[in-house]
Amino acid sequence: VSGETASTGQTGYVLAPWQTTEITGWRKSWQEAAAFYFTSLPDSYAARTDRPDNVGVIGAAVFRERVVYQPPAPPVARNRYGSDDRSARAERRDSESRSSSDASGSATREAPAAASPAPGDRAPMEAMKSEKLGTGHGEREYSPTTQTAFERASSNPAEVVQVRYDSWANLAAAGIVPAPRPRPPFAPDPFPRFAPDPRG
């Protein structure tokens, strides 16, 4: 987001549960991002900002939001007569007369209901190896976002995901993907589809 060397202490993107998003590039403003693209190491954003060490990897550190527990509202006391309106009115009159005759008595008020928390607003191929890939700093494109408040539940991420990328030759040389099979030598076809015309 900031363009600085990535660390888990920086700001990031806030997603609600089950929400998805597409991060298309380096954040340039609240309205624009410079598009990501794979490129040679010298052309990568890391190399062009004198930080060519940690290329070929995409990382995501996931943090949970701190949720403040709010106790539920106390239950509403029912009168001793149940739901009978006439009995409830009679009890209310008796209670009011007792409180007025008692000089030290004070009226009590039911506490307002507590608001529930809002919903969370991976020897023979060495000759094939090519130069490492990096991520380039492409053209600016429209990518709007807004600011929001987010308090982390912990200073350590709940999960860290790493995705490594490179050219096919480098991945094959490292044993991550299968090496390409050599092409078989040409074999004559006894049944060509059509007979060509002779020369001359």
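Residues numbered from 1 in each chain as written. Predicted model: local features only at pLDDT ≥ 70, side-chain atom pairs only at ≥ 80, totals over all residues. Heavy atoms only, no water.

A. Layout of unusual backbone geometry. Here the phi dihedral of Trp18 falls at roughly 70°; this positive angle occurs in a residue that is not glycine. Structurally, Trp18 can be placed in the segment before β1 (25–27). The backbone of Asp50 sits at a positive phi, close to 60°, despite the residue not being glycine. Relative to the assigned elements, Asp50 resides in the loop between α1 (45–48) and β3 (57–62). (Helix = DSSP H or I, 4+ residues; strand = E, 2+ residues; numbered from the N terminus.)

B. Focus on the confidence of the model for the chain. Across the chain, pLDDT averages 77, with 73% of residues at or above 70. Per-residue pLDDT stays below 50 along residues 103–125; that stretch engages in 20 contacts with residues further than four places along the chain or on separate chains. (pLDDT = per-residue confidence, 0-100. Contact = heavy atoms within 4.5 Å.)

C. Geometry of the pattern of salt bridges. By the definition in use, this model includes 4 salt bridges. Here Glu151 ties to Arg66 by a salt bridge, and the two come within 3.4 Å at their closest N and O atoms. Taking the relative accessible area as the measure of exposure, Arg66 reaches 43% and is therefore partly exposed. Here Asp166 and Lys132 are joined by a salt bridge, their closest N and O atoms 3.7 Å apart. Residue Asp166 is found in the loop between β5 (159–164) and α3 (168–173), and its partner Lys132 is found in the loop between α2 (85–101) and β4 (133–142); the two are separated by 34 residues along the sequence. On the accessibility criterion, Asp166 (19% relative accessible area) is buried. (Salt bridge = Lys/Arg side-chain N within 4 Å of Asp/Glu carboxyl O. Buried < 20%, exposed > 50% of the residue type's maximum accessible area, 1.4 Å probe, protein only.)

D. Here's a closer look at the environment of Tyr13. Within the fold, Tyr13 resides in the segment before β1. Judged by its relative accessible area of 35%, Tyr13 falls in the partly exposed class. When the C-alpha positions of Tyr13 and Ile23 are compared, they lie 9.2 Å apart, and in sequence the two are 10 residues distant. If we skip the residues at most four places from it in the chain, Tyr13 touches Val1, Ile23 and Arg27. Engagement of the side chain of Tyr13 in a polar contact is seen with the side chain of Arg27, the distance being 3.4 Å. (Polar contact = N/O pair within 3.5 Å; in protein donor to acceptor, adjacent residues only side chain to side chain.)

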